[in-house]
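# Chains, contacts and geometry: an overview
Residues per chain, in single letters:
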Amino acid sequence: QKMPPSLPTTINIREPRWDQSTFQGRAKHFFMVTDPRNLLLSGATLEEARRVVEDYRAGTVHPGLTEDQLWRAKYIYDSAFHPDTGEKMILVGRMSAQVPMNMTITGCMLTFYRTTPAVLFWQWVNQSFNAIVNYTNRSGDAPITPSQLGTAYVSATTGAVVTALGLKSLTKHLPAIIGRYVPFAAVAAANCINIPLMRQRELKLGIPVTDENGNRLGESTAAAQKAIFQVVVSRIGMAAPAMAIPPVIMNMLEKRAFLKRYPYLNAPLQVGLVGLCLVFATPLCCALFPQKSSMPVSSLEPEVQDQIRKKDPWLETVYFNKGL
């Protein structure tokens, strides 16, 4: 029996499988990255995927390895290991944990929004989860100190709670449906605080910028600002459908006899509706901007421009990992 031909070593697995210059290509990529089933993979499976990917990058092809198996290994590797540092990421901070974690937290935030202790508790849980996600998916190889981590966490939690309680008191005399949107406003406000604070080191020192081939050219704070802005927009977009659609449906259901007869179904129904929204919103909003983002050299800080011009006078565009 003839052995299948060996896989060529020219497949670029440093890049996603699909064209990242198109929204459709990015969406396919993020549906793979955010697949919650990746959380169920064993440590041995993750290590095997790491071995296949690292060996292939070094020019060693495992006997009998097919292209589909190689891409599968790459996506398993990407789901669990940081793209810049290569270290294994905290389980709940991985993008594959976004849907199950967010559906539970968001579902509960939308269900238990009427009392102040419930608002305080669920906003705190949400910001604790966000802090873990932002730390795990930070861009570059920038270490973050415990004091920076603490400042970001406390500031975002305070911002979310103050927004939620402030809006809750303002909406007391408005229709019930308006009150249901208070958690979304709080989450949006918290994202605007949490992400820049969690990544403040990048704003101070910059993130690595490279040429098209991945050769590092320097660190840019302008690139960091663009990266963080894109992540904030994506995160707010990710939360929007899950926090905007279920309240309308739940408001209608609460007026019917069904939920009055079975009130204990309120939370599970809310969580399920949020999960359905997040399965699509998470990858589609991650796909709004390319992971490997770019900007013109002329938009960088003058000193970084000079540094790059010395290395390559004709270079017009630099690239950077925006984080997630």
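Residues numbered from 1 in each chain as written. Predicted model: local features only at pLDDT ≥ 70, side-chain atom pairs only at ≥ 80, totals over all residues. Heavy atoms only, no water.

Applied cut-off: UniProt positions are given in the numbering used here, feature names are shortened, and annotations may be inferred rather than shown by experiment.
Per an unreviewed UniProt entry, the recorded name for the protein is Sidoreflexin, and the organism is Falcunculus frontatus. Of the protein, the UniProt comment under Subcellular location (unreviewed entry) reads exactly: "Mitochondrion membrane". Among the UniProt annotations of the protein, the heading Function (unreviewed entry) holds the following wording: "Mitochondrial serine transporter that mediates transport of serine into mitochondria, an important step of the one-carbon metabolism pathway. Mitochondrial serine is converted to glycine and formate, which then exits to the cytosol where it is used to generate the charged folates that serve as one-carbon donors."

## Topic: the UniProt feature "transmembrane region" (unreviewed entry) in the protein
For clarity, the threshold we go by: Helix numbering and strand numbering both begin at the N terminus, where a helix is a DSSP run of H or I of at least 4 residues and a strand a DSSP run of E of at least 2.
UniProt tags residues 227-249 and 269-289 as "transmembrane region" (unreviewed entry). Helix makes up 100% of residues 227-249 and strand 0%, whereas the separation of the span's terminal C-alpha atoms amounts to 35 Å. The span residues 269-289 shows a helical share of 86% and a strand share of 0%, and its end C-alpha atoms are spaced 32 Å apart.

## A closer look at the packing of helix H4 (residues 98-111) against helix H5 (residues 116-136)
For clarity, the cut-off: Inter-axis angles, ranging from 0 to 180 degrees, are taken between N-to-C directions of lines fitted to C-alpha atoms, where helices are fitted over the stretch in contact. Note that the term roughly parallel is reserved for angles under 35 degrees, roughly antiparallel for angles over 145, roughly perpendicular for angles of 65 to 115, and oblique for everything else. Crossings are classed by handedness, with left-handed meaning an anticlockwise turn of the near helix from the far one by less than a right angle and right-handed meaning a clockwise turn. By the convention used here, residues are in contact when the closest approach between their heavy atoms is within 4.5 Å. Basically, the charged four are Asp, Glu, Lys and Arg, the nonpolar ten are Ala, Val, Leu, Ile, Met, Phe, Trp, Tyr, Cys and Pro, and anything else, Gly included, counts as polar.
Put simply, H4 and H5 touch, their axes get as near as 9 Å, and they point 160° apart. As far as their axial angle goes, H5 and H4 are roughly antiparallel. The two elements H4 and H5 meet at a crossing, and its hand is left-handed. On H5, the residues that touch Gln98, Met101, Asn102, Ile105, Cys108 and Met109 of H4 are Trp122, Gln123, Val125, Asn126, Phe129 and Val133. Tallied by class, residues from the contact of H4 with H5 come to eight nonpolar, four polar and no charged.

## Details of empty space enclosed by the protein
The condition that has to hold: Cavities and pockets were defined on a 1 Å grid built from protein atoms only: a cavity is a group of points that admits a 1.4 Å probe but offers it no way out, a pocket is an open group of points flanked by protein on both sides within 12 Å along at least five of seven lines, and a lining residue is one with an atom within 4 Å of any such point. Grid points are joined across faces, edges and corners, and a volume is the space filled by probe spheres set on the points.
Enumeration according to the criterion identifies four cavities of 30 Å³ or more in this entry. Estimated volume of the largest cavity: approximately 160 Å³. Asn102, Asn130, Val187, Arg235 and Ala239 are the residues nearest the centre of the largest cavity, which is lined by 15 residues in total. Counting only elements with at least two residues in the lining of the largest cavity, the list comes to H4, H5, helix H8 (182-198) and helix H10 (221-254). By residue class, the composition of the lining of the largest cavity is eight nonpolar, six polar and one charged. Its boundaries defined by the atoms lining it, the second largest cavity holds a volume of some 50 Å³. Residue lining of the second largest cavity: Met109, Phe112, Tyr113, Val119, Trp122, Gln123, Ala164, Val182 and Pro183, and that is the complete set.

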